[in-house]
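# A structural walkthrough
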Amino acid sequence: NASTKATPTGVEFAHHLHGIRSTLNVSVRTDCDAEQRRLIVRNETDRLRTIEVTSYIEVALAHPMGDLGHPAFSKLFVQ
C-alpha cells in the first residue's frame, strides 16, 4: 500500500508492507538552497524486528552548469 501526497513546499511518500510503515517527507528550504528529508519507520506489529536504513547523498557545490559539464571533477574536492 503506497501513497504520495504533495504539499506547497514538498512531497510525502508513504508505504505500508508486512506491518512496517515508512514515511518520507521531502521539502525545499525557502531560506537557503537546500533540500530537507525526514524518514519515519514504524513497526506496527507485536514482533521485534531489525530494520536497516541506508541513505546516499551526492553533494554538488558548483554552479549547476559546471556540475553537469564535469560531474566527476566536482566531487573530487568535497570533504
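Residues numbered from 1 in each chain as written. Predicted model: local features only at pLDDT ≥ 70, side-chain atom pairs only at ≥ 80, totals over all residues. Heavy atoms only, no water.

## Focus: the overall build of the protein chain
Of regular secondary structure, the protein chain possesses two helices and four strands. Seen in sequence order, the protein chain has helices and strands lined up from the N terminus as β-β-β-β-α-α. A total of 79 residues make up the protein chain; the buried ones form 10% of that total. Taking the intrachain contacts of the protein chain between residues at least 6 apart in sequence as the baseline, contacts between residues at least 24 apart amount to 11%. In the form shown here, the protein chain has an accessible surface area of approximately 7,100 Å², with 55% of it arising from carbon and sulfur atoms. (Helix = DSSP H or I, 4+ residues; strand = E, 2+ residues; numbered from the N terminus. Buried < 20%, exposed > 50% of the residue type's maximum accessible area, 1.4 Å probe, protein only. Contact = heavy atoms within 4.5 Å. Areas by Shrake-Rupley, 256 points an atom, 1.4 Å probe, with all protein chains shown as cover.)

## A few points about unusual backbone geometry
Residues other than glycine seldom take positive phi values, yet His18 does so here, at roughly 55°. Here His18 is to be found in the loop between strand 2 (10-17) and strand 3 (20-29).

## Some words on the side chain of Thr23
Relative to the helices and strands, Thr23 resides in strand 3. Beyond its immediate sequence surroundings of up to four residues, Thr23 is in contact with Glu12, Phe13, Ala14, Arg38, Leu39 and Ile40.

## A short note on the pattern of salt bridges
Counted under the stated rule, the structure contains three salt bridges. Notably, a salt bridge pairs Arg21 with Glu44, separated by 2.9 Å at the nearest N-O pair. Of this pair, Arg21 sits in strand 3 while Glu44 is found in the loop between strand 4 (34-43) and helix 1 (64-69), placing the two residues 23 residues apart along the sequence. Judged by relative accessible area, Arg21 falls into the partly exposed class, the value being 31%. (Salt bridge = Lys/Arg side-chain N within 4 Å of Asp/Glu carboxyl O.)

## So, the confidence of the model for the protein chain
Per-residue confidence for the protein chain gives a mean pLDDT of 84; residues scoring 70 or more make up 78%. The weakest mean pLDDT in the protein chain belongs to helix 2 (residues 71-74) at 65; the strongest belongs to strand 2 at 95. (pLDDT = per-residue confidence, 0-100.)

## What to know about the pairing of strand 1 (residues 2-7)
Working note: regular strand, side chains alternate between the two faces of the sheet. Judged by how many residues are buried, strand 1 sits mostly at the surface: zero of six residues are covered. The hairpin formed by strand 1 and strand 2 contains two residues between the paired strands. (Pairing = 2+ DSSP bridges.)

## Here we look at the side chain of Asn25
Following the sequence through the fold, Asn25 ends up in strand 3. Excluding its chain neighbours within four sequence positions, the residues that come into contact with Asn25 are Val11, Glu12, Gln36, Arg37 and Arg38.

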